[in-house]
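Observations on chain architecture
Listed below, chain by chain, are the residues.
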Amino acid sequence: MPTEYSVPSDVQQITRRALPIGVVLLAACAVGGYFNPDQFFHSYLLAYIFVLNITLGCLALVMVQHLSGGNWGVMTRRLLEAGSRTIPLMAVLFIPVALGIHSLYVWSHPDVVASDINVREKAAYLNQTAFIVRAVVYFICWWAVAHFLNKWSLEQDRTGDPAVGRKLQRLSGGGLVLYGITMTFAVTDWLMSLQPHWYSTIFGMIFMAGQGLSGFSFVIAALWWLAKREPLKSLLSSRQLIDLGNLMLAFVILWTYTSFSQFLLIWVGNLPEEIVFYLPRFRHGWQAVGILLVLFHFAVPFLLLLHRSIKGKLARIGALAIALVAFRWLDIYWLVAPAEHVNLHLSWMDIAAPLALGGIWLATWARTLQGRPLLPLRDPQLAQALQYGHHASH
Amino acid sequence: MAVVERPPVIGPGHDFETVSKAISEIVLTRKTPLGWVFGFLMAFTFMMIFLMTATYLFLKGVGIWGINIPVAWGFAIVNFVWWIGIGHAGTLISAILLLLHQKWRMSISRFAEAMTLFAVACAGMFPLLHMGRPWLFYWMFPYPNTMTVWPQFRSPLVWDVFAVSTYATVSLVFWYVGLIPDVATLRDRAKSPFARKAFGILSLGWRGSARHWFRYETASLLLAGLATPLVVSVHTVVSFDFAVAIVPGWHTTIFPPYFVAGAIYSGFAMVLTLAIPLRAAYRLEDFVTMWHLDVMAKVMLTTGLILAYGYGCEVFYAWYSADTFERYMMWNRMFGPYAVAYWALIATNIVIPQLLWFKKVRTNVPLLFFVSLVVNTGMWLERYVIVITSLHRDFLVSSWGRYAPTVWDWATFTGTIGLFLTLFFLFIRFLPMISIVEMRTLLPQAGVKGKEAH
C-alpha cells in the first residue's frame, strides 16, 4: 500500500485568510466601478488576465510534464492539476469582462465601425456575438482537457495501470495543440483587440511564454509554503529546486526573446498599423514601466537564476518566484493600462482588483488541492523522483 | 514500486573493447567498402558540377542566375537559409542536450556536428558567390581601409557575417576538441605507420592523463555553453534578414522563433536522413538504436508543430491586419502563380509529418526515412515560397514580375549537395563517426559502482 502523502491540514488557513480579503477587495472594486466603470473594467481585465495566466500556465505545464517526463513534473503535478481545476471559476469570473465589452473595446461601438475602415474590415471577427461565442468555446476546450487530465490522474492513483499513463500522454499531446490555438485567439480577442488596428503574429507566443512563467513562479512559491510542512519537508531536495529554477529561467529567457523580437521588428519597420502599440508605451511616463520590465522581468531574475546558491535554497527561490508573479502583473499592466490612459496612470483598482481575484483564486486553489494526495501515488516515475537528489553523487 | 527503466541507449553485450573496435574499425580497415567508393564517386561528380558552375559564374557574373528585379534574391538566399538551418540540429544535439544531461545524444552527436560543419560550409558558398566578386569578401568586415568602406551595422546582413562566422568557428572547435581522445584511440590502434603519424599529430599529444581529462571536460562544457546561444541567435539573425524589411510576407514578428523551430526541424530531418543509411551500412544498430530514432522523430514532430503554428498565425493575421498588401500577399501565395509551391510546402512540411504522431511510424525505419526526406524537401520549399512569393508581387502592380531559376541555379544547388556529401563521405572514412569515448561511458562497466551509481 503506498504512503498517503496527504496535503498538510493547515492548507485550510490559506483559504480562510485569502477568501475574505478577495471578497472584500472585490466588493470595494465594485463600489469603485459604480463611480468609474471604464477604470473598473480595465482594472478587472488586468486582474483577470493576471489570474488566468496562472491557471492556464498550470494547465499547460501539466501537459508538458506528462510528455517530457522528469522529476520536476512528479513533484509539482498535483499543484499544477489543482490550478487547472480552477478553470470553471475562471469561466465565471469572465462574466464581468463580457459585460464590459463597451468600456474595453472600441470595436464594439457601431459608430467606430462605421467610420473606421480598418475596424470594419475585421468586423467579421471583432464583433460582440463572435467574441462571446469564442470565449465559450475556449472555456469548453480548456475545461474538457483539464477535466480528463484530472480524472485520469486520479484513476492512475487508484489502479496504477500503465495504460492510463499512455492515455494521459496522448491527451497531453493533443491538448497542447488545442491550448496553443485557443490561447492565441483568446489573447487576440482579449488583449490585442484593445487597440484594434494593431496586430503582431508573435503575440500569442509571447503570451504563452508568460503563462509558462506564471505557472512556474506560482508553483515554486506554493512549494515554499508546502515544503515547510510534512510531507514535502522531507521529500523536496535542493536538486529538485535547482531543476525547477532552471525551468523558470528558461521561461524568463523565452519571454524576453519573444518580446524583444516583437519590439525590434516593429520598431525597425515603423509601420503605422504596428507601431501604434509602442508609441503610446514609449512616452508620457509609460516608458518607465517598460524599463522596469526590462530590469525586473528579465535582467535581475536572469542574473539571479544563474546561481545555484539561489536556485537551491527554498527561501531564496521562493522569494524570487513571488517577485516574478508580481512582475507578471506589471507586464499585463503595461499591456492593458496604456490602452486607456495617455499619461502614466495607476488606479487603486489596478492593484485591488488583481489582489481580489488573486485572493479568491488562491482560496479556491488551496481548497481544490486538499481533495487529493499531494503526490501522484502510482506515477511510475515517483520512486525515482523521490530518490532524486537524496543520494550523494551524480 | 517499480522504477521505470529508460530503454537502453546502447545495445546489450558490449564492453570497452567491442565498442572501440566496432567504431574504430570503420576507419582503420584497409578495405574500403564498395558502397563507400560508389557513393563517394557520385558525390564527387556533383561537387565537380559545383566547381564548374562556380567557374562559369566567375567568368560571366550573377546574370547567369534567374535573379532580376523585382526578385533580386533567388536561389542563393533560399539555399543559404536551407543549409544553415540544417546545421542547427548538430549544435542543439551536441551543446544543449549536453547541458541537459541527455545521454541519448552521445551516439549521434559526432556525425551531427560534422553535418553542421559541412552544412555551414555549403551555406557560406552562396553569399560568397552572390557577391559577384568573392575575392573581395573581406570588405564585409569592419577593418581600417583607405576606401572609406564601412559595413552598414544596422543591416542584419552584416550581423549575419558575424553570426555565421562565429557559428562556424565555435562548431569547428567544439567538434575538434571532442575528437581529440578518439583520434588518440585511433593512433594507438592503427597498424600503418602513416595512419599512426597522422592521427598522432591530430591528437595533440593526448595521453589520457587525469589532467588531460579534466581539461577536456572543462573545455567541452565551456564550448557547450558558448554554442548554446548560437543555436538560437544564428537563425534569429537569418530571420531578421527578411523581417526587418517591410515587404509583406517578410515583415512579421513571429519570424525569429518560427525560423529557429524550422531550422531544428530541418536539422533533425537531415540527421535522420544520414543516420538511417549509416546505421544500416555499418551495422551500428547497437549504438543508434530504435529509441534514438523515436526520440528524434518526436523532436521533429514538436518543431514541425511549432512551424505549423507559425504558418497558421501568418495566414490569420494577414487577414486580421486588414492591410491590402498583407492580405494580397497571402492570397497570392495560396492562389497566385506559385500556388503549387505553397501547397506542396503545406503537404510536405505540415500534413505528411503528422504521421509521426504514431509510434508505428516512428519505429518503422523505411517510413521514417521517407518522412525525413519529405521534411528536407518541405523546408527547402518553405524558403522558396517566402523569398519568391513575397518579392515577385509587392506594392506596385507595374513592378510585378516573375522568377524562374535557370539551369545554373539548379546546378549550383545540387552542386552544394555534392560538396556536402563528398565532405561527409571523407569524414566517415577517415574519422570515427561516433564518439568512442562517450559510448564507453554508457557501458554499465563505466559506472564504478555499477548499477548502484546515480
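To be clear, the structure that these remarks concern was listed above.
Below is a summary of the structure that appears in this document. A quick note: this is a predicted structure, and the numbers were derived from the prediction, not measured. (Residues numbered from 1 in each chain as written. Chains lettered and ligands numbered in written order. Predicted model: local features only at pLDDT ≥ 70, side-chain atom pairs only at ≥ 80, totals over all residues. Heavy atoms only, no water.)

Across its full length, chain A carries 19 helices and zero strands. In terms of C-alpha radius of gyration, chain A reaches 21 Å, essentially the compact-globule figure of 21 Å for 394 residues. In chain A, buried positions account for 58% of the 394 residues. Restricting to contacts in chain A with at least 6 residues of sequence separation, those with at least 24 account for 83%. For chain A, the accessible surface area stands at approximately 15400 Å², while carbon and sulfur atoms represent 68% of it. In chain A, 27 side chains carry a positive charge and 19 a negative one; their mean positions are 11 Å apart. (Helix = DSSP H or I, 4+ residues; strand = E, 2+ residues; numbered from the N terminus. Rg over C-alpha atoms; globule rule 2.2 N^0.38 Å. Buried < 20%, exposed > 50% of the residue type's maximum accessible area, 1.4 Å probe, protein only. Contact = heavy atoms within 4.5 Å. Areas by Shrake-Rupley, 256 points an atom, 1.4 Å probe, with all protein chains shown as cover. Lys, Arg positive; Asp, Glu negative; His and termini not counted. Charge placed at Lys NZ, Arg CZ, Asp CG, Glu CD.)

For the rest of this paragraph, the subject is the overall build of chain B. Helix and strand counts for chain B stand at 15 helices and zero strands. Its C-alpha radius of gyration of 23 Å places chain B within 12% of the 22 Å reference for a compact globule of 454 residues. Seen through its principal axes, chain B has C-alpha atoms that stretch 75 × 60 × 40 Å. With the model as given, the accessible surface of chain B reaches about 19900 Å², and the carbon-plus-sulfur share is 71%. Counting 33 positive and 21 negative side-chain charges, chain B places the centres of these two groups 6 Å from one another.

Residues and elements named next belong to chain A. This structure, assessed with the given rule, holds 86 aromatic pairs over all chains. Aromatic pair Phe148 and Trp152: ring centres 5.4 Å apart, planes at 45 degrees, arrangement tilted. Pair noted here: Phe148 and Trp152 are both in helix α9 (residues 128-159), with a separation of four residues, about one helical turn. Phe148 sits in the partly exposed class, given a relative accessible area of 33%. With a relative accessible area of 16%, Trp152 lands in the buried category. (Phe/Tyr/Trp six-rings, centres within 6.5 Å; stacked < 30°, edge-to-face > 60°.)

Glancing now at the interface of chain B and chain A. Contact residues are listed per partner, giving 35 residues for chain B and 46 residues for chain A. Scanning the region where chain B abuts chain A turns up one salt bridge. Linking Glu121(A) and Arg327(B) is a salt bridge whose minimum nitrogen-to-oxygen distance equals 2.4 Å. Our enumeration of links across chain B and chain A arrives at twelve residue pairs in polar contact (both at pLDDT 80 or more). Of all the secondary structure elements, the ones that give two or more residues to the side of chain B that touches chain A are α7 (210-243), α8 (255-281), α9 (290-320) and α10 (324-335) of chain B. The biggest single contributor to the side of chain B that touches chain A is α9(B), with nine residues. Tallied by class, the residues present in the side of chain B that touches chain A amount to 24 nonpolar, six polar and five charged. (Salt bridge = Lys/Arg side-chain N within 4 Å of Asp/Glu carboxyl O. Polar contact = N/O pair within 3.5 Å; in protein donor to acceptor, adjacent residues only side chain to side chain. Nonpolar A, V, L, I, M, F, W, Y, C, P; charged D, E, K, R; others polar.)

Glancing now at the nonpolar core. Residues and elements named next belong to chain A. With 283 residues, the main nonpolar core has Tyr48, Trp142 and Trp190 as its most contacted residues. Ranked by residues supplied to this core, first place goes to helix α2 (residues 37-68) with 19 residues. Apart from residues lying up to four places away in sequence, Tyr48 is in contact with Met90, Ala91, Leu93, Phe94, Val97, Phe139, Trp190 and Leu357. (Core = buried A, V, L, I, M, F, W, Y, C linked by side-chain atoms within 4.5 Å.)

This next bit is on the pattern of salt bridges. Residue and element names in this part refer to chain A. Scanning the entire structure with this criterion turns up 20 salt bridges over all chains. Across the salt bridge formed by Asp331 and Arg328, the nearest N and O atoms sit 2.9 Å from each other. Here Arg328 and Asp331 lie together in helix α17 (residues 314-336), a separation of three residues that amounts to about one turn. Per residue, the accessibility class of Asp331 equals that of Arg328, and both read buried. Several salt bridges share partner residues, and in doing so they unite Arg77, Arg78, Glu81, Asp157 and Asp379 into one network.

Moving on, we get to the side chain of His14(B). Residue and element names in this part refer to chain B. With respect to the helices and strands, His14 occurs in the segment before α1 (16-28). In this structure His14 comes out as buried when scored by relative accessible area, which is 15%. At a separation of 2.9 Å, a polar atom in the side chain of His14 contacts the side chain of Asp286. Look past the residues within four positions of His14 in its chain and what remains in contact with it is Val19, Asp286, Phe287, Leu443 and Gln445.

A word on a nonpolar patch on the surface. Residues and elements named next belong to chain B. Nonpolar side chains collect at one region of the surface, where Leu128, Phe137, Tyr138, Trp139, Phe141, Met147, Trp150, Phe153 and Phe162 lie side by side and expose about 810 Å² of accessible area between them. Of note, Leu128 is situated in helix α4 (residues 106-130). Under the relative-accessibility criterion, Leu128 is labelled partly exposed at 31%. (Patch = residues over 30% accessible without salt bridge, like charges linked within 9 Å, V, L, I, M, F, W, Y side chains within 5 Å.)

Moving on to the packing of α4(B) against helix α14 (residues 407-430) of chain B. All names here are of chain B. Viewed as axis vectors pointing N to C, α4 and α14 meet at an angle of 150 degrees, and their least axial separation amounts to 10 Å. When the axis of α4 is compared with that of α14, the two are roughly antiparallel. With respect to the hand of their crossing, α4 and α14 are arranged in right-handed fashion. On α14, the residues touching Arg110, Phe111, Ala114, Met115, Phe118, Ala119, Cys122, Met125, Phe126 and Leu129 of α4 are Thr412, Phe413, Thr416, Leu419, Phe420, Leu423, Phe424 and Phe427. Considered class by class, the residues forming the contact of α4 with α14 number 15 nonpolar, two polar and one charged. (Axes fitted to C-alpha atoms, helices over the stretch in contact; angles between N-to-C directions. Parallel < 35°, antiparallel > 145°, perpendicular 65-115°, else oblique. Left-handed = near helix turned anticlockwise from the far one by under 90°.)

So, about helix α13 (residues 365-392) of chain B. Across its 28 residues, α13(B) extends 40 Å between first and last C-alpha, which sits within 8% of the 40 Å expected from 1.5 Å per residue. Across the 28 residues that make up α13(B), a large majority, 22, are buried. (Expected span 1.5 Å × (residues − 1).)

Attention shifts here to unusual backbone geometry. The residue after Ile69(B), namely Pro70(B), is reached through a cis peptide bond having omega 5 degrees. Of note in this structure, Asn270(A) is not a glycine but carries a positive phi near 55 degrees. With respect to the helices and strands, Asn270(A) occurs in the loop between α13 (238-269) and α14 (272-275). For Arg283(B), which is not glycine, the phi dihedral falls at a positive 55 degrees. The topology assignment puts Arg283(B) in the loop between α8 and α9.

Residue and element names in this part refer to chain B. Relative to the assigned elements, Asp409 resides in helix α14. Notably, Asp409 is buried but unbridged: the nearest opposite-charge side chain belongs to Arg402, and the N-O separation is 14 Å. If sequence neighbours within four positions are ignored, Asp409 has contacts with Trp65, Gly66, Phe75 and Tyr403.

Our focus in this paragraph is the packing of α8(B) against α13(B). Packed helices, taken two at a time, are described by the angle their axes make and the gap between the axes. Residues and elements named next belong to chain B. Where α8 meets α13, the axes come as close as 9 Å, and the angle between the chain directions of the two elements is 145 degrees. Along this stretch, α8 crosses α13, giving a crossing that reads as left-handed. When its residues are assigned to classes, the contact of α8 with α13 shows 17 nonpolar, five polar and three charged.

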